[in-house]
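Examining the three-dimensional arrangement
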Amino acid sequence: MVAHFLIAFAAAVLAVLPALALTRLMDRRLAGAGTARGLERGLEPTVFLFRDGVLVDATSPARALLASLPGEGDWQRLSSWLCMRLPEFGALLPDLGDAARIELKERAGDSPLRLLADDLGDGLLRLTLADPAAEDAGILVDSLSLRAMEQELEILRSAMDHSPMLAWRQDPQGQVTWANSAYLNLAEAKARGQTVWPLPRIIDLSARPVQPATSGGARRMQVDHDGQSRWYDCHVHEIGGQTVAIALPADAAVRAERSLREFVQTLTKTFADLPIGLAIFDRDRNLQLFNPALIDLTGLATGFLTARPTLYAFLDRLREARMVPEPKDYRSWRNQMNTLEAAASSGHHVEMWSLPGGQTYRVTGRPHPDGAVAFLFEDITSEISLTRKFRADLSLGAEVLDALEDAVAVFGANGDLLISNRRYADLWDAAAPGTLEGHVQVWTDACGASPGLAALREALNTALPDQPLRGAMAGPAGGLLSWGLRGLSGARLLLSFAAPVPSLPVGRDAPRAAHDPEPAERAAMSRALTG
């Protein structure tokens, strides 16, 4: 009986072993298939338990999520993150009341989020986060890939949080769903230190820009805070149905532009008071700036100048108004204008325009940075007339001096020869030096030392009285020369020589020379005077 029992038991064991082996093999295949699909069932849910805003307990995924969120305070960090994903969270949570449970779902995004909020009483609030697309399942990720993604996320978050620019995202309804630290700080400052969700729109992208768009397509917007205005250049992009905006601080650019405008206004006011016409052309030779004096001098219409004509259109209009020198033909005039433009753009250039109406303009061209060129128009008709009159007076004075029979020379206070007539040059030497000492040496070399010359030299070195001094000296040809010396304004001296000796007054009232000539010269002079 025992033997039969053992045999029956062994047969039963042998029959069960293949079934167990088959079952173990099927389990391994199912486990391998599950691993290949990257899904594992029964993962721990993400649950938070709060009592009056203080975290009481949380699952491991919930604590990992809190650790990855920026900010301070568990409730503050979580509520800020939930309000960005679920804008209704901040508005519905205070009204939970007797509802006991509220369920919220994220409308947009590739992986929508679902939130269950349960009021457990006694101030306890349980928040459960779930992904409807992978309910009760998780994706297995290797540690190296997860670490790389976390590091990249940390770098991106740190870069955005330390950036001075404002960055935010808003949905089609205009509600802010995400913002960086700079935006949050400014929002808190405007709300006096309180964070309000949903976040307020600091910059209304639908509003009309305060200033036109810049060269890069950004819109210049203004934000008022604490009685001051802050300026930002806003760049807007549409990504996945959301509007992503980046506002770069533009206070420095606005101040620079304001300073430039004030400087240009100052220059404009200064130019408006100048009697000289000013026309500034840019590198493309379009008129950019002009003053009222240009209109007065050229007679061009204000509308024509404000239309920013080209340089050649400007010159053509001047030619039509007969405000340029009349050339023989148009080609020569065009070549002259090309020469004027090239000379003005390369360096300082000045031309005199004698206009058909009798006026004379001085046209000055000056190069400016970045290829610009400026032209100055100055009416010098009165100056030219005065110069011509002055030259005519000088010419008349020279003719009068040359017509005198006496040799006349005028010396300055420093002894330089200022003017002399033709008789003086013929008497002494046209190549005589230009100083008084040099002329005295010429007189000495030509006439020799004599008491009369010594008297003249002494008179030149002494202070002259109001009455002229007269005397006589030996001439270069052996005869006698009478000389006269008179003081002029500015310590200048007028010296004249005459030959033959003119009649001199005799008697007690006759003026005496500084030194009487020697008896022989005095006798010769008496014979010459008495005939």
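Below, the structure is looked at part by part. Here, residues in each chain are numbered from 1, in the same order as that chain's written sequence. Confidence filtering applies because this is a predicted model: local features only for residues at pLDDT of at least 70, side-chain atom pairs given and counted only at 80 or more, and all residues used for totals across whole chains, interfaces and linings. Hydrogen atoms and water are omitted, and side-chain values are computed over all heavy atoms in the structure.

The next point concerns the side chain of Thr364. Helix and strand assignments follow DSSP, with helices taken as H or I runs no shorter than four residues and strands as E runs no shorter than two, numbered in order from the N terminus. With respect to the helices and strands, Thr364 occurs in strand 16 (residues 360–367). Not counting chain neighbours up to four residues away, the residues in contact with Thr364 comprise His348, His349, Val350, Ala374, Phe375 and Leu376. Residues count as neighbours in contact if any of their non-hydrogen atoms are within 4.5 Å of one another.

A sheet is described by the order of its strands in space; here five strands give the open sequence 3-2-6-5-4, paired in antiparallel fashion. Looking at which strands have only one partner, the edges of the open sheet turn out to be strand 3 (54–58) and strand 4 (101–105). Adjacent strand axes in the sheet meet at a mean angle of 20°, parallel and antiparallel pairs treated alike. Two strands qualify as a pair provided DSSP detects at least 2 bridges between them. With seven bridges joining them, strand 5 (residues 114–121) and strand 6 (residues 124–130) adopt antiparallel strand pairing. Directly across from Asp119, in strand 6, lies its bridge partner Leu125. Each axis is a line fitted through C-alpha atoms, taken for helices only over the stretch in contact, and angles between the N-to-C directions span 0 to 180 degrees.

We now examine the environment of Leu311. Here Leu311 shows up in helix 10 (residues 311–320). Judged by its relative accessible area of 2%, Leu311 falls in the buried class. Remark: the alpha-carbon pair of Leu311 and Val373, spanning 62 residues in sequence, is separated by 10.0 Å. Those residues within four positions of Leu311 in sequence are excluded, and the remaining contacts are Phe281, Arg285, Glu341 and Phe375. Accessible area is worked out with a 1.4 Å probe on protein chains only. A residue is then buried under 20% of its type maximum, exposed over 50%, and partly exposed in between.

It is worth spelling out unusual backbone geometry at this point. Even without being a glycine, Arg322 presents a positive backbone phi close to 55°. For Ala491, which is not glycine, the phi dihedral falls at a positive 60°. Within the secondary structure, Ala491 is located in the loop between strand 21 (480–488) and strand 22 (492–498). Judged by its relative accessible area of 55%, Ala491 is exposed.

On to the sheet that holds strand 9 (residues 176–179), then. Read from one edge of the open sheet, five strands run 9-8-12-11-10, paired in antiparallel fashion. Single-partner strands in this sheet number two, and they are strand 9 and strand 10 (219–225). Ignoring strand direction, the axes of neighbouring strands in this sheet form an average angle of 30°. Bridge count for strand 8 (residues 166–170) against strand 12 (residues 242–249) is five bridges, and the pairing is antiparallel. Residue pairing across strands places Arg169 opposite Val244, the latter belonging to strand 12.

A few words now on the pattern of salt bridges. Only one rule defines a salt bridge in this text: a Lys or Arg side-chain nitrogen within 4 Å of an Asp or Glu carboxyl oxygen. In this structure the tally under the stated criterion is 14 salt bridges. Between Arg63 and Asp57 there is a salt bridge, with the nearest N and O atoms lying 3.5 Å from each other. Given a relative accessible area of 43%, Arg63 falls into the partly exposed group. Taking the shortest distance from any N to any O, the salt bridge between Glu320 and Arg317 comes out at 3.8 Å.

Moving on, we come to helix 14 (residues 436–447). Multiplying 1.5 Å by the helix residue count minus one yields the expected span of that helix. For helix 14, which comprises twelve residues, the first-to-last C-alpha distance of 16 Å matches the rise-based estimate of 16 Å (1.5 Å per residue) to within 8%. Of the positions making up helix 14, those classed as buried are Leu436, Gly438, His439, Val440, Trp443 and Cys447. Looking at the buried positions of helix 14, the neighbouring elements they touch are strand 18 (407–411), strand 19 (417–420), helix 13 (422–427), helix 15 (451–460), strand 20 (469–474) and strand 22. In the segment just after helix 14, Gly448 is the residue with positive phi, at about 80°.

On to helix 6 (residues 181–190). For an α-helix, 3.6 residues make a turn, and residues three or four places apart therefore share a direction. Those residues of helix 6 lying buried are Ala182, Tyr183, Leu186 and Ala187. Buried residues in helix 6, looked at end-on, bunch into an arc of 130°, giving them a common side. In this fold, the buried residues of helix 6 make contact with strand 8, strand 9, strand 10 and strand 11 (228–239). With its phi angle positive at about 60°, Arg192 sits one or two positions after the end of helix 6. What the arc measures is the spread of directions leading from the helix axis to the C-beta atoms.

What follows concerns empty space enclosed by the protein. A water-sized probe rolled over the atoms picks out the places where empty space is left. Cavity and pocket criteria rest on a 1 Å grid covering protein atoms alone: a 1.4 Å probe that fits but cannot get out defines a cavity, protein on both sides within 12 Å along at least 5 of 7 lines defines an open pocket, and an atom within 4 Å of a point defines a lining residue. Grid points are joined across faces, edges and corners, and a volume is the space filled by probe spheres set on the points. Going through the model one piece at a time under the given rule, you end up with two cavities of 30 Å³ or more. Lining the largest cavity are Phe281, Leu311, Phe314, Leu315, Met337, Leu340, Glu341, Trp353, Val363, Phe375 and Phe377. Of the residues belonging to the lining of the largest cavity, the class tally is ten nonpolar, no polar and one charged. The nonpolar class holds Ala, Val, Leu, Ile, Met, Phe, Trp, Tyr, Cys and Pro. Asp, Glu, Lys and Arg form the charged class, and all remaining residues, Gly among them, are polar.

Another aspect to go through is the packing of aromatic side chains. Aromatic rings considered in pairs are described by the distance between their centres and by the relative angle of their planes. For Phe, Tyr and Trp, rings pair up if their centres lie within 6.5 Å, where Trp contributes its six-membered ring, and each pair is then called stacked (planes under 30 degrees apart), edge-to-face (over 60) or tilted (otherwise). Summed over the entire model, instances satisfying the criterion amount to eleven aromatic pairs. On the numbers, 5.2 Å between centres and 35° between planes, the contact of Trp168 with Tyr183 is tilted. Of the two residues, Trp168 is situated in strand 8 and Tyr183 in helix 6; the sequence distance between them amounts to 15 residues. Each member of the pair, Trp168 as well as Tyr183, carries the same accessibility label: buried. Judged by centre distance (5.4 Å) and plane angle (75°), the rings of Trp428 and Phe497 are edge-to-face. Of this pair, Trp428 sits in the loop between helix 13 and helix 14 while Phe497 sits in strand 22; the two residues are 69 residues apart in sequence, bridging distant segments of the chain. The same class applies to Trp428 as to Phe497, namely buried.

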